[in-house]
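Chain and residue survey
Each chain, written out:
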Amino acid sequence: MDLFTKLFGDLLVFVYHCFDRIVIHGYLSGLSRPEQVVHFFRQVVGVPAVSKEVLSGRTADYQNWVEAFARNHGLAIEWAEKGVRKEDHVLPWLRRMTRTDRYGVYFIFKSMEQGSTFRVSVPKYPTQDPNHRILANQRSRFTHHYFYIRDEVLGPMVMRVASFFPFQTTYYLNGHSFIERELTRAQIGFRKSDNAFLAVDDVAALQAAADRLSPDIIRKRLDYWTLILGPKFSAKERKAINLSRFYAITQVEYCRNFIFKRHFPIHKLFERSCELGLWRLTADKMAAIFGTRVSRRHRGKLATVIDRIEHGHHVYRAYFKNAFLKQYEKFSTFLRNELCSNNLTDFGLRKGLDHLDAVRYTFQTITGRFAGFQAQWLNVHTDFPLLQRIALPITIGAVRYPGIKIHDPRVIRLLEVLLHGGTHVGGWTAKQIHQTVLTTFQLSDRTYGLNQLRYDLRKLKGHALIERDGSRYAYRLTSKGVQVALLFLFFHKRLCGPLTNSRFHHRPDPQHRPHSRLEAAYHRADKAIEHVVQLLAAA
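Heads up: these notes are all about the structure in this document. Bear in mind that the values here come from a model prediction, so they are computed numbers and not experimental data.

**What about the sheet that holds strand E17 (residues 466–468)?**
Read from one edge to the other, the open sheet built from 3 strands follows the order E16-E18-E17, with strand pairing classed as antiparallel. Of all strands in the sheet, those with a lone pairing partner are strand E16 (428–429) and E17, marking the two edges. As defined by bridge partners, E16 adjoins strand E18 (residues 474–477) across 2 bridges and the pair is classed as antiparallel. Within the sheet, the bridge partner assigned to Thr-429 lies in E18 and is Ala-474.

**Quick notes on unusual backbone geometry**
With omega at 10 degrees, the peptide bond leading from Phe-165 into Pro-166 counts as cis. Among the structural elements, Pro-166 can be located in the loop between strand E5 (155–162) and strand E6 (169–174). Even without being glycine, Asp-101 reaches a positive phi, approximately 55 degrees. The topology assignment puts Asp-101 in the loop between helix H5 (91–99) and strand E3 (104–121). For Asp-101, a relative accessible area of 48% corresponds to the partly exposed category. With phi around 55 degrees, Phe-167 is a residue other than glycine that occupies positive phi space.

**Some words on the packing of aromatic side chains**
One pass over the structure, following the stated rule, counts 23 aromatic pairs. With 5.0 Å between their ring centres and 75 degrees between their planes, Tyr-224 and Trp-225 make a pair best called edge-to-face. With a relative accessible area of 7%, Trp-225 lands in the buried category. Each member of the aromatic cluster is reached from another via a ring pair, and the members are Phe-40, Phe-41, Tyr-62, Trp-65, Phe-69, Phe-165, Phe-167 and Phe-233. Of note, Lys-86 hangs over the ring of Tyr-146, and the distance from its end group to the ring centre comes to 5.0 Å.

**Some remarks on the pattern of salt bridges**
Applying the stated criterion across every chain yields a total of 19 salt bridges. Two residues, Arg-42 and Asp-129, come together in a salt bridge whose shortest N-O distance is 2.9 Å. Here Asp-129 lies in the loop between E3 and strand E4 (134–151) and Arg-42 lies in helix H2 (residues 34–45), a separation of 87 residues in the sequence. In this structure Asp-129 comes out as partly exposed when scored by relative accessible area, which is 29%. Asp-151 is paired through a salt bridge with Arg-221; the nearest N and O atoms lie 2.8 Å apart. Of this pair, Asp-151 sits in strand E4 while Arg-221 sits in helix H8 (residues 215–229); the two residues are 70 residues apart in sequence, bridging distant segments of the chain. We note that Asp-151, like Arg-221, is buried. Taken together, the shared-partner salt bridges connect Glu-182, Arg-185 and Arg-212 into one network.

Rules of the game
Residues numbered from 1 in each chain as written. Predicted model: local features only at pLDDT ≥ 70, side-chain atom pairs only at ≥ 80, totals over all residues. Heavy atoms only, no water. Pairing = 2+ DSSP bridges. Helix = DSSP H or I, 4+ residues; strand = E, 2+ residues; numbered from the N terminus. Buried < 20%, exposed > 50% of the residue type's maximum accessible area, 1.4 Å probe, protein only. Phe/Tyr/Trp six-rings, centres within 6.5 Å; stacked < 30°, edge-to-face > 60°. Lys NZ or Arg CZ within 6 Å of the ring centre and 35° of its normal. Salt bridge = Lys/Arg side-chain N within 4 Å of Asp/Glu carboxyl O.

Here is the structure:
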């Protein structure tokens, strides 16, 4: 993470990390198991037989209460339509609440979805108790209510309540909404677009607000809205059994956001990260990022892919078990690394809401490692250490071989000849290579003698770029030599060649004022290449 900031610090405005999307399930602790439900109805409510009609009555009571609540508060209540994104549909009502600075429920959706409930059946064989019924957990399709809420602490949130026993609840929160409320309360100026802060007057206050999101704050607000909008129980029922909710984290997204000064480098950095990530993010590196080890007993995904969410919008994903790291650019303004998990046990974490701080620390560490690996990929000095190694002299036994410079014309000519001599199965002798070099480049024997060629061959052999054909004094390129030859030739033919044969055929004059942007770019490139050559010569 420090390396990433060091490399691109001049291009960054600020960096912050926080929770993004958090999905929490709420379970009624006293009504989660069939035997608890039987005890509740028979001992507390006083119903002798727990039948399907008894459970359906509770469902009808709650659904009628929701309809009455919507009428009394003038709320829109609609069935969710297939293919319509709920958040986009309710956005006008949220904006109306924001403009009038009001808090509370502003919309209710009804949706038929799969949920957990109980199945009631009569025993196959009669028992001593004629009211005995068999209750079993099952998943079935029934009505769920989505309450869209603007909370004064957590900001916009969604609460989903199942209308069938045991009335399981689900809460959808966003860490950016909480930060927005904290900054507004502290009267700190900011600019927020969707779920990202693009500008802020106090970066330290922004990060401090993100770190203040705690289990106590979340639990207090969830208990409040569950009491207001959840299924109703009498005082006698609440006193008889424990009807408090246990909150468990089922999905969490933790993001690290890099806000740039301008949009130009963002797309290029993202493209480079995707290109290198697909090749260099191997299984061992992924295990190092996620802080674990990969063994034969590994369960779940282990892959890197690039998804196209929509036209022109790509997302890089690295999957690990039931979690994945993703990176994407948004609004041409910021780059985001985000860790998403659907099962916290993959990280050795507990799902209870009380362990939110441990989740924050673990996910913050993982996203930091991911940024550190990306910085190494994007650092040109670590991307191409080959030139630096070859330029240094090497000692094998008692023999010292000099380094090979990328700007040496003798080496470039020799590599080009050897590269094009792949049709010679047994390799080339020194005399054959010498004659081919003289003929190809129209050189005289005095300009490039046979002893000079043997000296160059000795250097290439010392750096393992060429090898002999058995005991014969015939040479051919090794696999490493082919790669180095291609790199050297591409550098000269595709970079140096176009520069030397550019629009101007004179050495750039520092006092000359270019008449076009293209010529000015050529001047800068020539100066940069000369600096690279001087560094390589000094090496």
